[in-house]
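Listed below, chain by chain, are the residues.
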Protein chains: 2
Amino acid sequence: MICNTEKYIALSGGVGGAKLALGLSHVLDTEQLLLVANTGDDFQHLGLSVSPDIDTLVYTLSGLNNKKLGWGRQDESWNFMQACEELEMDTWFRLGDKDLALHLFRTQALSQGLTLSEVTNELCKRFNIKTQIVPMSDDPIKTFVNTSMGTLPFQEYFVKYQCLPEVTGIEYKGIDNAKMAPSFDQYLNDPALQAIIICPSNPFLSVQPILSIPAVKNKLKKIMKPVIIVSPIVEGEALKGPTAKMMKELNIDCDVNGVVELYADIADGIVIDNKDSVYVEKIESRGIKVHTSNIVMQSLQHRIDLAKDVVEFSKMLCKR
Amino acid sequence: MICNTEKYIALSGGVGGAKLALGLSHVLDTEQLLLVANTGDDFQHLGLSVSPDIDTLVYTLSGLNNKKLGWGRQDESWNFMQACEELEMDTWFRLGDKDLALHLFRTQALSQGLTLSEVTNELCKRFNIKTQIVPMSDDPIKTFVNTSMGTLPFQEYFVKYQCLPEVTGIEYKGIDNAKMAPSFDQYLNDPALQAIIICPSNPFLSVQPILSIPAVKNKLKKIMKPVIIVSPIVEGEALKGPTAKMMKELNIDCDVNGVVELYADIADGIVIDNKDSVYVEKIESRGIKVHTSNIVMQSLQHRIDLAKDVVEFSKMLCKR
């Protein structure tokens, strides 16, 4: 445990980001860390309010995540899905029997008038999670992917069509009128804030929705705290998911340089893999500090080690 | 199969009534039978629209009912409930993993604007049920039980408190403005209607809600078709559930005489158990025809036999 009172915000999408988020929750006190989850993937399915990235953080931080599948809950059963199949209901988005409890809890609480922040806070308590997890916003924001097959709601692109259609652009519907979640806002304005960490999540689908909230965009442009990127790309390949494929389709260099390009207007530092150290000079010539580390987090110890690295690195950065 | 074109309406609550309903579905053509389900028990649970009596009919007629438990689906698992328990959600009303598919289907369809009749019809199709099942009404009606513990919503009385509080009265909230479901109305006015059969369900909790819909009450008073009761009481005991206990608490003779009393204004005939033949003379002296049979339906064959009996008996009755 690093003992201090500096605070950190970590912006995260799903599985990739949650690995670093888990590491950070091990090296920082609970009062020091705010995990901000992307909600652009949120959608209604079978009448339920599903928040995939919040759920992944909740399951990961409670230790209940399904390590075998890489998503959902551990020790899961699929009898509900089987019954849905028999009734010819939608089954392309898989909801496990245990996982359903979380979705029903959220759906009911939202329908009773709680905000997504309040519901998430309540869920964290019930899952015995000490670290604070908040949605990026309590307002509805929906990611749509413009593709060769037309404009697809995020989950259709991601799950139903398994990221196969070629991407030509992304939209975050509702973003113009979306406010930050109250705790996110508060943390961003906290004098004790040490740094903003961008977890190795998909830049287009997980991080940009957060950064595109007007108040976030404005705040990050002028904030006097370092913004640190942890690269989602190692040796030109994505750690997980369609990041690399999308970078190519959107004509962005599919390497850590491309990643820097994506975050050029806000990044003060970037953590890249040791294997990409050839890029250090070029990136630093742009005024962005580079730290090299092992960023492929295959074990809990790797996650903790990288989190320590990122926190230490942040202390050596000053705002440009 | 009894070959004719006469039509029958069977009014049913849950498990007890569903046994006869199943028998009737075996002896009548699909065009000859309308099963009307009580919806006074319907309630919202964990944000889901649950219709226990419709569900019991659906599971019974599709052969998927849980014979061991006496309610719910067969081959059920309870992992969702376990997760709810861990999250300290309400677990007093048990929802099985497979059962959830039906409730989510209904909840979503209702929220999309379908009527309960339409949803039920769609569910029957998907469960491959040929017999028509309809709710008594598409309007919300809620049974409340006045008890020594105060006024309780039906499910709290029935499931949460296991019928233990002493009953002092029953209310069907919403009944004054409730209309019959369209198919129920149509069947009641069909010249081919041969008889209205009241299945051996709880008179207070399952049958009276149906009979208390203003249009049903008015229609049955003047309809020129026989109304046949199948007694839910044998030798002073209820075939199932709290009927006998409630009759005693409401100062009604707890025997087939008491049953006749409850339906005196509409009954033309009653089917009672052979063991209650001592009551025949007294009931017939009131102008109500009696048929004795084995009404304890322990096997499918018993259900079919009783259904045949009831149908044959109806043909010997004329309206008083």
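Just so you know, these numbers come straight off a predicted model, no measurement behind them.

Trainee: Can you walk me through the nonpolar core in this structure?
Mentor: Taken as a class, soluble globular proteins show a tendency for nonpolar side chains to be buried jointly. Ranked by internal contacts, the top residues of the largest apolar core, which has 201 residues, are A:Ala10 and B:Ala10. Aside from chain neighbours lying at most four places away, what touches A:Ala10 is A:Leu20, A:Ala21, A:Leu24, A:Leu33, A:Leu35, A:Val36, A:Ile197 and A:Cys199.

Trainee: So what exactly am I meant to see when it comes to the relation of the copies chain B and chain A here?
Mentor: Comparison of the two chain copies shows a relationship of rotation about an axis with a shift along it. Here chain B sits on chain A after a turn of 180° about the axis and a move of 0.0 Å along it, with an RMSD of 0.0 Å. In short, the pair behaves as if placed about a two-fold rotation axis. Scanning chain B for the C-alpha nearest the rotation axis identifies B:Asp97, at a separation of 2.9 Å. Mapped onto chain A, 100% of the interface residues of chain B again fall at the interface, so both copies present the same surface.

Trainee: Looking at this model, I keep getting lost on helix 1 (residues 15-27) of chain B. Mind explaining?
Mentor: Since the α-helix packs 3.6 residues into each turn, any two residues three or four apart lie on the same face. All names here are of chain B. With 13 residues, helix 1 extends 19 Å from end C-alpha to end C-alpha; this agrees with the ideal 18 Å at 1.5 Å per step. Judged by how many residues are buried, helix 1 sits mostly within the fold: 12 of 13 residues are covered. Looking only at helix 1, the buried set comprises Val-15, Gly-16, Gly-17, Ala-18, Lys-19, Leu-20, Ala-21, Leu-22, Gly-23, Leu-24, Ser-25 and Val-27. Looking at the buried side of helix 1, the elements it contacts are strand 1 (7-12), strand 2 (33-37), helix 2 (52-61), helix 8 (203-211), strand 10 (227-230) and helix 13 (300-315).

Trainee: Explain the interface of chain B and chain A to me, please; I cannot follow it from the model alone.
Mentor: Note: interface size is frequently given as the accessible area lost on complex formation between the parts. The partner chain A presents 20 residues to the 20 residues of chain B that form the contact. Every element with two or more residues in the side of chain B that touches chain A is listed here: helix 3 (79-86) and helix 4 (99-111) of chain B. The element contributing the most residues to the side of chain B that touches chain A is helix 4 of chain B, with seven residues.

Trainee: Looking at this model, I keep getting lost on helix 11 (residues 256-263) of chain B. Mind explaining?
Mentor: Within helix 11 of chain B, six of the eight residues are buried, which leaves the element mostly enclosed by the surrounding structure. Among all positions of helix 11 of chain B, only B:Val256, B:Gly258, B:Val259, B:Val260, B:Leu262 and B:Tyr263 are buried.

Trainee: Please clarify how the environment of B:Met224 should be interpreted in this entry.
Mentor: Residue position: B:Met224 is located in the loop between helix 9 (214-222) and strand 10. Between the C-alpha atoms of B:Met224 and B:Gln194, which are 30 residues apart in sequence, the distance is 9.5 Å.

Trainee: Before we go on, may I ask you to explain the confidence of the model for chain A in this structure?
Mentor: Any region with low pLDDT has predicted coordinates that should not be read closely. Taken residue by residue, chain A gives an average pLDDT of 95. The fraction at 70 or more is 98%. Listed scores for the predicted complex are pTM 0.92 and ipTM 0.91.

Trainee: So what exactly am I meant to see when it comes to the sheet that holds strand 8 (residues 167-173) of chain B here?
Mentor: Each strand in a sheet pairs with another by means of backbone hydrogen bonds, the pair being arranged parallel or else antiparallel. Residues and elements named next belong to chain B. Taken in spatial order, the three strands of this open sheet run 7-6-8, and their pairing is antiparallel. Edge positions in the sheet fall to strand 7 (150-153) and strand 8, since each has one partner strand and no second. Averaged over all adjacent pairs, the angle separating strand axes in this sheet is 25°, with direction ignored. In the sheet, strand 6 (residues 142-147) pairs with strand 7 via four bridges, with the strands oriented antiparallel.

Trainee: Which parts of the structure should I look at to understand the packing of helix 1 of chain B against helix 13 of chain B?
Mentor: In a packed pair of helices, the relevant descriptors are the angle between the two axes and the axis-to-axis distance. Residues and elements named next belong to chain B. At a minimum axis distance of 7 Å, the contact between helix 1 and helix 13 shows a crossing angle of 75°. One element, helix 1, and the other, helix 13, form an angle in the roughly perpendicular class. On helix 13, the residues that touch Lys-19, Leu-20, Leu-22, Gly-23, Leu-24, His-26 and Val-27 of helix 1 are Arg-303, Ile-304, Leu-306, Ala-307, Lys-308 and Val-311.

Trainee: Is there a simple way to explain the sheet that holds strand 2 of chain B in this structure?
Mentor: Residues and elements named next belong to chain B. Here we have seven strands laid out as an open sheet, ordered 5-2-1-9-10-13-14, and parallel in their pairing. Because the sheet does not close on itself, it has two edges, and the strands there are strand 5 (132-135) and strand 14 (289-293). Ignoring strand direction, the axes of neighbouring strands in this sheet form an average angle of 25°. When strand 13 (residues 269-273) meets strand 14, the two strands line up parallel, connected through five bridges. Across the sheet, Asp-273 pairs through a bridge with Ser-293, a residue of strand 14.

Trainee: Please clarify how the environment of A:Glu235 should be interpreted in this entry.
Mentor: Residue and element names in this part refer to chain A. Following the sequence through the fold, Glu-235 ends up in the loop between strand 11 (233-234) and strand 12 (237-238). Considered as a pair, Glu-235 and Asn-274 are 39 residues apart in the sequence and their alpha carbons are 9.6 Å apart. Look past the residues within four positions of Glu-235 in its chain and what remains in contact with it is Lys-275 and Asp-276.

Trainee: Mind showing me how you'd approach the environment of B:Glu76 here?
Mentor: Residue and element names in this part refer to chain B. Structurally, the position occupied by Glu-76 is in the loop between helix 2 and helix 3. Put simply, Glu-76 and Lys-289 are 213 residues apart on the chain and 43 Å apart in space, counted from C-alpha to C-alpha. In contact with Glu-76, other than residues within four places in its own chain, are Asn-66, Gly-96, Asp-97, Lys-98 and Asp-99.

Trainee: Honestly, the packing of helix 4 (residues 99-111) of chain A against helix 5 (residues 116-126) of chain A in this entry has me stumped. Any pointers?
Mentor: All names here are of chain A. At their nearest, the axes of helix 4 and helix 5 sit 10 Å apart, and the two run at 140° to each other. In terms of their interaxial angle, helix 4 and helix 5 are classed as oblique. You can see that helix 4 and helix 5 cross each other, and the crossing is right-handed. Touching Leu-102, Phe-105, Arg-106, Ala-109 and Leu-110 of helix 4 are Leu-116, Val-119, Glu-122 and Leu-123, all from helix 5. The class makeup of the residues in the contact of helix 4 with helix 5 is seven nonpolar, no polar and two charged.

Definitions and limits used
- Residues numbered from 1 in each chain as written.
- Chains lettered and ligands numbered in written order.
- Predicted model: local features only at pLDDT ≥ 70, side-chain atom pairs only at ≥ 80, totals over all residues.
- Core = buried A, V, L, I, M, F, W, Y, C linked by C-beta atoms within 7 Å.
- Buried ≥ 20, exposed ≤ 12 C-beta atoms within 10 Å, placed from the backbone.
- Contact = placed C-beta atoms within 7 Å.
- Least-squares fit on C-alpha atoms with pLDDT ≥ 70 in both.
- Helix = DSSP H or I, 4+ residues; strand = E, 2+ residues; numbered from the N terminus.
- Expected span 1.5 Å × (residues − 1).
- pLDDT = per-residue confidence, 0-100.
- Pairing = 2+ DSSP bridges.
- Axes fitted to C-alpha atoms, helices over the stretch in contact; angles between N-to-C directions.
- Parallel < 35°, antiparallel > 145°, perpendicular 65-115°, else oblique.
- Left-handed = near helix turned anticlockwise from the far one by under 90°.
- Nonpolar A, V, L, I, M, F, W, Y, C, P; charged D, E, K, R; others polar.

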